[in-house]
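# Commentary on secondary and tertiary structure
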Amino acid sequence: MTDQLFSHCLYDHKIELIDKRTSSQIHFYHMSDYKLQKIKNYLIKHLNKDFISSSSASYASLILFIEKKDDSLRFCVNYKKLNDLIKQDHYSLSLINETFACIQESKYLTWLNIIVTFNKLCMHSNSEDLTIFIIFFDFYKYHVMSFKWINDSTFYQHYMNNVLFDYLHQFCQIYLDDIIIYSKTLKKHKWYIWLVLHKLQETDLQMNINKCKFHVQKIFFLKLLLFIEELKMNLRKVQAVVKWFTFTNFT
């Protein structure tokens, strides 16, 4: 995970509003000592990284907690009201039919998974105040991008497409933090992997090596099972339909 704030660059995330009126009345709700301690831990961790800083504003979003599968709590900011005011970006994400068309004649596939890249993308200086959230201690704002606003996925896709632009649709496809490399021969495949890894290294993008798959003939991509010769549904995702009980007696 990225542990430092990177410098501002061309890809700073800018939020554009449909309506500039952002003032709203704030109502706090009761929190347990356990949640208050979780908040404090989150603030200390992100303040030390310079991902957030103390601020002040007439408008701010409230925080909340989401329960994880292991019953632990994840700190979140409720940006619902802000998202209602954001101008939507219609930049296109990757489509599965485009990906399948590219790999149809390939013999080798490699899947790379990128780790938390959004933490290395800064917020645009004009948009930082829109990220302000309020807790009992103070107001705070984000200096880094986070997947909490409606355009974040498309912005991130745009960023990744630009990083690997030279290789797109030649031997590489991208969907957010997933990269597919495809080729007809093993020799070319190894060379293509080196080119992509070199580009990722240049831009300081880190892989989750435990999730990556190299030189295979099938991978999971966009929740589908992608073979070099065909496309199949991921059976884990359709078990409810496959095992659907069929009535035979209607009397």
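Here we summarise the structure given alongside this text. (Residues numbered from 1 in each chain as written. Predicted model: local features only at pLDDT ≥ 70, side-chain atom pairs only at ≥ 80, totals over all residues. Heavy atoms only, no water.)

To continue, consider the packing of aromatic side chains. All told, the structure shown has eight aromatic pairs when counted by the stated rule. An angle of 20 degrees between the planes, with centres 3.9 Å apart, marks the rings of Y42 and F75 as stacked. Residue Y42 is located in helix α1 (residues 33–48), and its partner F75 is located in strand β3 (residues 73–77); the two are separated by 33 residues in the primary sequence. Just as Y42 is buried, F75 falls in that class too. Through a chain of ring-to-ring contacts, the aromatic side chains of Y42, F65, F75, F133, Y140 and Y142 assemble into a single cluster. (Phe/Tyr/Trp six-rings, centres within 6.5 Å; stacked < 30°, edge-to-face > 60°. Helix = DSSP H or I, 4+ residues; strand = E, 2+ residues; numbered from the N terminus. Buried < 20%, exposed > 50% of the residue type's maximum accessible area, 1.4 Å probe, protein only.)

Before going further, it helps to examine helix α4 (residues 152–163). The first and last C-alpha atoms of α4 sit 17 Å apart over 12 residues, in line with the 16 Å expected at 1.5 Å per residue. On the buried face of α4, the contacting elements are β7 (172–175), β8 (178–183) and α5 (186–202). (Expected span 1.5 Å × (residues − 1). Contact = heavy atoms within 4.5 Å.)

Looking now at the pairing of strand β4 (residues 108–113). In terms of burial, β4 is a largely internal element, five of the six residues being buried. Examined bridge by bridge, β4 and β8 share six bridges and lie antiparallel to one another. In the strand pairing of β8, L109 is matched with Y182. Both β4 and strand β9 (residues 213–216) contribute to a ladder of two bridges, which runs antiparallel. For W111, the partnering residue across the bridge sits in β9 and is K213. (Pairing = 2+ DSSP bridges.)

What the rule picks out here adds up to five salt bridges. K87 is the salt-bridge partner of E16, the closest N and O atoms lying 3.7 Å from each other. One end of the pair, E16, is in the segment before α1; the other, K87, is in the loop between α2 (80–83) and α3 (96–103), with 71 residues separating them in the sequence. Its relative accessible area of 41% is what places E16 among the partly exposed residues. Here K87 falls in the partly exposed class, since its relative accessible area comes to 44%. Each of E128, D129 and K141 takes part in one network of salt bridges that share partners. (Salt bridge = Lys/Arg side-chain N within 4 Å of Asp/Glu carboxyl O.)

With that settled, the discussion passes to the nonpolar core. Of all hydrophobic cores here, the largest spans 51 residues; its most connected members are I63, F75, F133, Y142, I179 and V196. Within the residue set of this core, elements represented by two or more residues are α1, β2 (61–67), β3, β6 (139–142), α4, β7, β8 and α5. The contact partners of F75, leaving out residues within four places of it in the chain, are I39, Y42, I63, L64, F65, F133 and Y142. Grouped together as the second largest cluster of nonpolar side chains are seven residues, L109, I180, Y182 and I219 included. (Core = buried A, V, L, I, M, F, W, Y, C linked by side-chain atoms within 4.5 Å.)

Any functional reading would require information beyond the geometric quantities listed.
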